Every structure is written in C-alpha cells, then in structure tokens.
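Per-entry structural report
Listed below, chain by chain, are the residues.
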Amino acid sequence: MKDKVAALLTEALDRLVEDGLLDASQKKSVQVENTKDPTHGDLATNVAMMHAKAAGMPPRALAERIINALPASADIVSTDIAGPGFINLTLAQDAAFAPVLNCLDQGEAYGHQDATDQAWQVEYVSANPTGPLHVGHGRGAAYGATLVNLLKARGHRVEAEYYVNDAGRQMNILAVSVYLRYLEALGEPIVFPRAGYQGEYIETLGKTLHAEAGSSLRRAYASISNNLPADDEANQDAYVDALIAQVKVELGDAWIRPFQLALESILDDIHDDLGQFGAHFDQWFSEYSLVESGAIASAIETLEQGGHLYTKGGALWFRSTDFGDDKDRVVRRENGETTYFASDIAYIANKFARGFDRIIYIWGADHHGYIVRIKAAAQALGFDPDRIIIRLVQFANLYRDGERLQMSTRSGSFVTLRSLRDEVGRDACRYFYVMRKADQHLDFDLSLATSETKDNPVYYIQYAHARICRVLESLSDAPYDADRGRTHLTALAHQDELDLATAIGRYPEIVEKAADTLEAHVLCYYLQELAADFHRWYNGTRLLVDDLTVRDARLTLAQAVRTVLHNGLSLLGVSAPTSM
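The rules behind the values
- Residues numbered from 1 in each chain as written.
- Predicted model: local features only at pLDDT ≥ 70, side-chain atom pairs only at ≥ 80, totals over all residues.
- Heavy atoms only, no water.
- Helix = DSSP H or I, 4+ residues; strand = E, 2+ residues; numbered from the N terminus.
- Areas by Shrake-Rupley, 256 points an atom, 1.4 Å probe, with all protein chains shown as cover.
- Lys, Arg positive; Asp, Glu negative; His and termini not counted.
- Charge placed at Lys NZ, Arg CZ, Asp CG, Glu CD.
- Pairing = 2+ DSSP bridges.
- Contact = heavy atoms within 4.5 Å.
- Axes fitted to C-alpha atoms, helices over the stretch in contact; angles between N-to-C directions.
- Buried < 20%, exposed > 50% of the residue type's maximum accessible area, 1.4 Å probe, protein only.
- Polar contact = N/O pair within 3.5 Å; in protein donor to acceptor, adjacent residues only side chain to side chain.
- Core = buried A, V, L, I, M, F, W, Y, C linked by side-chain atoms within 4.5 Å.
- Parallel < 35°, antiparallel > 145°, perpendicular 65-115°, else oblique.
- Nonpolar A, V, L, I, M, F, W, Y, C, P; charged D, E, K, R; others polar.
- Salt bridge = Lys/Arg side-chain N within 4 Å of Asp/Glu carboxyl O.
- Phe/Tyr/Trp six-rings, centres within 6.5 Å; stacked < 30°, edge-to-face > 60°.

**Regarding the overall build of the protein chain**
Looking only at helices and strands, the protein chain has 23 helices and 15 strands in total. If one aligns the C-alpha atoms of the protein chain with their principal axes, the spans along those axes are about 90 × 65 × 35 Å. For the protein chain, the accessible area works out to roughly 25700 Å², and carbon and sulfur atoms hold 46% of it. Put simply, the protein chain has 55 plus and 80 minus side-chain charges, and the middle of one group is 2 Å from the middle of the other.

Here you go:
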C-alpha cells in the first residue's frame, strides 16, 4: 500500500510541475512510512519538507498544495498536516487490511524481494582450527548466518565462506602440542610448554595419533628438548618456536602426520558443530592454498610493481601509511617467511577475482586495527576499498548463576559452543546472540535463555506462533473458512486488530532495513513487538466467537501473524514450533 500511496503523491508532484510550482528536475523520490501513533493516521510522508526549498514555500503551505493535487483514491479516507509539514494519511479499512492478504498470498515468500544483480560474499567465523569452537565464536556464527539469510531475502546472490587458517605458527603450535601428548601416551617423560595448546581434546588427539601411528613417530624427548631456551614467562614464545623447529628436524617428512591429524580432526568437529548450529558454508577456503598456488607471491609482486613495498632491516614492508594506516606492515620477514598479513592480501585479491560486488568480513572486536590495513591493501592492489564491508562482533560474556565463565583456548578452560547449545538449545543460542547490536557487548544469561516466561524473548515469540497453531487446530464443529475470513476482514474494527494489520505490513520493510544496514537485531526487536501485540490482542479479544464471519476474519488475521512470525524466525535460524 505504501508504494501505491507513494505513486499517488508522485502524481501530485507532477501536477505541481505542470502548474509551474516545481521544476521537473527538482523532483525527489517520495518516501512513505508507517506512523508510530495510530491517532496520526496510518501513513506519513515528509514530501512537502523535501520540496519546500525548491518550491519557495513554507513546508506546511506546500503540504496543503500537495494534498489538493492528490488524485482521488478510495484507499485514502483522510489527510492532515502535522508538525513542520508532515502529511499524515488515513487509509480505508480495505486498504488497511491489504497487507494481511498480501502476506497470506505470498506465504513463506512474504518479506522476500525480487532478485537483484548484486553478488555478495559473507565470510564469517573463520576461527583458527586449533580447538573446538567456544561461546565467543558463537556470536559471530549466529550473526553471519543471519546476515546470509537476510541478504538472500533482499534478493542478492550470496556466498558464505569460512577461511581456514591452516598455515602458519598457530597450527605448528597445535601440531607440536599433539605430538608431545603422543609421546606422553608412549610413556615419554615430557615437560609441556607454557605456550602449548592444552585441554582434554589435545590429550585425545595425542592418544589418537598413538593408536594410528604406534611407536613409529617416537623420538626421545631428551633429544627434542636439548639446547632449547628457558621456558619462562619472558621466553615462552621463543621456547615453543625453537621446540617446533627441533621436532620438525627430528621427524622430517613425518611431521605432516601430527599436523594433518590435528587439522582434520578439529576442522571436522568445527564443520559438524556449525552445521548443527545452522551455519552453513558454500566454501571452506584454505589459507595454505594461497601458499601452494603462488597467490601470495603474486600479490606481493603486484604491490612491488606498484611501488608499494620497500626493504628495511632485511624484511619487506608494505607502505600502508600511504593509505591511512598508522604504520607500515611487514609482508615478508627477514628469514624469508611471509606474514599472516601477506596471506590476507592474497586472499583479498582472490575474493575480488571471483567477481563479488560486495565483500563482507565479520571479525571479532579485537581485530579493529586490521580494518585500515585490509582496505589499504585492496586499494594498493587496484580494487575499490568501498566494496569491502567489515563488521566487528563484540565478545559474548556467558553467565551461570551470576558468575561469569572464563574462556581461553590454549589453557583449555573454555565453554564450547556445543555445550552451550546442549544446555539452552539451538533456538535460544541463535536468538540471544543476535538480539543486540553486534558491536555491543552481550551478556548471555543462561537462566533467562532457558526460562519459559515472557521475559525470555525467543520463548515469547515462539509461544505466540504455537498459540495460533493451537487455536486453528482446536476447530472441529465449525472448520475455519479461509475465503470467508479474507472476505470479511473489514469486520475487524478494534484498534488492536488494525495495529496488527499495520505491523504485518511493516515486515517487508524490516527485512529490507535489516539487510541493508546489516543489523540483524532490528528483526528481533520487530518480532518481539509483533508477538507482544498479538498476545495483548489474544488476551483481550475472544477469537472463537459465535459469529463465524467475525471469527474467521480474526483467524485470518492470526494466520497472517503466524506467517510473519514463522518467516522472521526462519531468517534468524530459529524454529517456529506448533506446540509448546
């Protein structure tokens, strides 16, 4: 209906152009919004304020001219001017309930838009495969998966990707940690390094390696640990790096066995964990493939040819300060090894080569400093940095019985995403993670997430959906007649019913806004408000009255509410139960 009203207002502007009050080149697109207060009508527009300067008239005076120029329409029963020049419009009852019919006609497609020509990539989670996913990763997973759904509903072609950091120092630390637990399983008296990865999963992987390799990889720990620096607080990183180098020498080509076992086992676990969480990826992109294919060397060569690199202290540096960074960045160390940033540069080039119009990175808030350097690299490579969108996700603090739980991947004292899902359920996990703006801190209250009260937002929304299903299933003596209900929607005269119809009409806008702003929490707020409106109506209105015309009209309205709740929850990755 808003599009129809916008078209009528555009016709009114055309008439003012014909009258010489406006020049055709001065016309702007008409915006029509739902009013927040039903006493101000159903729809409102600021079209008069947008054109007042061009017309040389006060906004309220121009608003009056626009109203007088409006073509006659049975859909608009009254207009009035409010505030500095807003035009409020009250719709005929038929028009007010038009969104209900649109919703029911479109069903699961309601809220989805026609296909655009935009190809988007969303890369999210991308946690190092050095251990199980913990609750901190869960928020990025829920946010990313929801964005993928929203962007698809917006009509974009969307590819979801997980960047697998399967090359570099952290993977080497993981592999040596597993290898030491393997030696321990063989009875070797080891001293575990401070900087190693710990936890039961490392011990399990060590035992698995023992079961698969027997004693074929056994090397004397005394030989491996000989002539290493002290493993104290100040030297723990130097110690573990030296230990890795020594183990690689001792094992030779066999080093790949603990490395691959750790990588594949943990990556399989992550894949399964995210799948059960409802986060699915079209591509699992290997960092190592950038090394193997020569993509990193090619990206460095492109930057070198562009004059963006220089040598200092034996290392190769990228002049990122030329593009707004606070300091230049190393791409190749003095020992000849490329840095993580060099891999990032090659990865950017790869993304653009695949033809995406927009590239979204979803990172933890601790990666804030990477934003400028990533965009700098893209610009130096010859790409438009504005095509890169980076969203930061703040950490989620998990509370149980008022006590905050600590998380540390290396120490092994973390709460896994899987265990959180087992405790509160996938639905509560997905909803709670996205119900606040992603760049704001989130305190995840386990007690609230498992409660069956109206204070638990996901329960409250799901209960509204189940309530409608229960009512429809309870009809036996006089089955619901959908045609009768659709035909007699104008029999609904209560303000609560008009409010619900208006809210149903807002749903496509909410999806569009959430997708365009990449703010998934907007949809959560809307669904909570819709559920509250429905519960208030349900508690204050008898749906199953003797008058079948009114009854079926009310059930038709409830059907539309159910459709919107189902569609919205689906975008959030949350189920819509039929009974609770």
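**Details of the sheet that holds strand β13 (residues 396-400)**
The three strands lie next to each other as β14-β13-β15, forming an open sheet whose pairing is mixed. At either margin of the open sheet sits one strand with a lone partner, and together these are β14 (403-404) and β15 (442-445). Sheet topology places β13 next to β15; four bridges connect them, and they run parallel. Looking at β15, one finds that Tyr399 is bridged to Asp445. On the sheet, helix α17 (residues 426-434) packs against β13 and β15 and is oriented at approximately 155 degrees with respect to β15.

**Focus on the pairing of strand β9 (residues 315-318)**
Residue alternation in β9 divides its side chains into two sets, Ala315 and Trp317 and Leu316 and Phe318, and both sets are buried. Taken together, the four bridges between strand β8 (residues 309-312) and β9 define a ladder with antiparallel strand orientation. Residue pairing for β9: Thr311 is matched across the bridge by Leu316. The antiparallel pairing of β8 with β9 creates a hairpin that spans two residues between the two strands, and Gly313 there sits at a positive phi of about 60 degrees. Alignment of β9 against strand β10 (residues 329-332), held across three bridges, turns out to be antiparallel. Across the sheet, Phe318 pairs through a bridge with Arg329, a residue of β10.

**Details of the pairing of strand β3 (residues 76-82)**
Successive side chains on a regular strand alternate, one facing one side of the sheet and the next facing the other. Here β3 runs beside strand β4 (residues 86-91); their pairing, made up of six bridges, is antiparallel. Paired with Ile81 across the bridge in β4 is Ile87. Linking β3 to β4, which pair antiparallel, is a turn of three residues; within it Gly83 sits at a positive phi near 55 degrees.

**Some details on the side chain of Arg421**
Relative to the helices and strands, Arg421 is located in helix α16 (residues 417-424). Arg421 gets classed as buried once you look at its relative accessible area, which sits at 8%. A distance of 3.2 Å separates a polar atom in the side chain of Arg421 from a polar atom in the side chain of Gln276. For Arg421, the residues in contact, after removing those within four places along its chain, are Asp273, Gln276, Phe277, Arg426 and Cys429.

**Section: the nonpolar core**
One recurring pattern in soluble globular proteins is that nonpolar side chains are buried together. Counting residues in hydrophobic clusters, the biggest one holds 130 residues, and the most contacted among them are Tyr124 and Tyr433. When sequence neighbours within four positions are dropped, the list of residues in contact with Tyr433 reads Val135, Gly138, Arg139, Ala142, Phe277, Ala396, Leu417, Leu420, Leu442 and Phe444. Ile296, Ala342, Ile374 and Ile388 belong to the second largest nonpolar core, which has 32 residues in total.

**A look at the packing of helix α13 (residues 295-305) against helix α14 (residues 340-353)**
Relative placement of two packed helices is described by the angle separating their axes and the distance separating the axes. For the pair α13 and α14, the least separation of the axes is 8 Å and the interaxial angle reads 85 degrees. The orientation of α13 with respect to α14, classified from their angle, is roughly perpendicular. Between α13, through Ala295, Ile296, Ala299, Ile300 and Leu303, and α14, the contact on the second element is made entirely by Ala342, Ser343, Ile345 and Ala346. Among the residues making up the contact of α13 with α14, the classes are represented as eight nonpolar, one polar and no charged.

**Observations regarding the pattern of salt bridges**
Following the criterion strictly, the structure yields 24 salt bridges and no others. Arg354 is paired through a salt bridge with Glu159; the nearest N and O atoms lie 3.3 Å apart. Of this pair, Arg354 sits in the loop between α14 and β11 (358-364) while Glu159 sits in strand β6 (residues 157-164), and the two are 195 residues apart along the sequence. Taking the relative accessible area as the measure of exposure, Glu159 reaches 23% and is therefore partly exposed. Across the pair Asp237 and Arg169 runs a salt bridge whose closest N-O atoms are separated by 3.4 Å. In this pair, Asp237 is assigned in helix α10 (residues 236-251) and Arg169 in helix α7 (residues 169-185), connecting sequence segments 68 residues apart. On the basis of relative accessibility, which here comes to 40%, the residue Asp237 falls in the partly exposed class. Several salt bridges converge on common partners, so that one network encompasses Arg154, Glu512 and Asp516.

**Let's talk about the sheet that holds β10**
Taken in spatial order, the three strands of this open sheet run β8-β9-β10, and their pairing is antiparallel. Pairing within the sheet leaves two strands with one partner each, and these edge strands are β8 and β10. On average, each strand axis in the sheet is tilted by 45 degrees relative to the strand beside it, whichever way the strands run. The sheet contacts of α14 involve β9 and β10, and relative to β10 the element is tilted by about 80 degrees.

**Details of the packing of aromatic side chains**
If you walk through the whole model with that rule in mind, you get 22 aromatic pairs. Taking 6.1 Å as the distance between ring centres and 40 degrees as the angle between the ring planes, the aromatic pair formed by Phe318 and Phe341 counts as tilted. With Phe318 in strand β9 and Phe341 in helix α14, this residue pair connects regions lying 23 residues apart in the sequence. Taken as a pair, Phe318 and Phe341 share a single burial class, namely buried. Between Phe432 and Phe444 the ring centres are 5.3 Å apart and the planes differ by 35 degrees, which places this aromatic pair in the tilted class.

Geometric descriptors of this kind do not, in isolation, establish any biological role.
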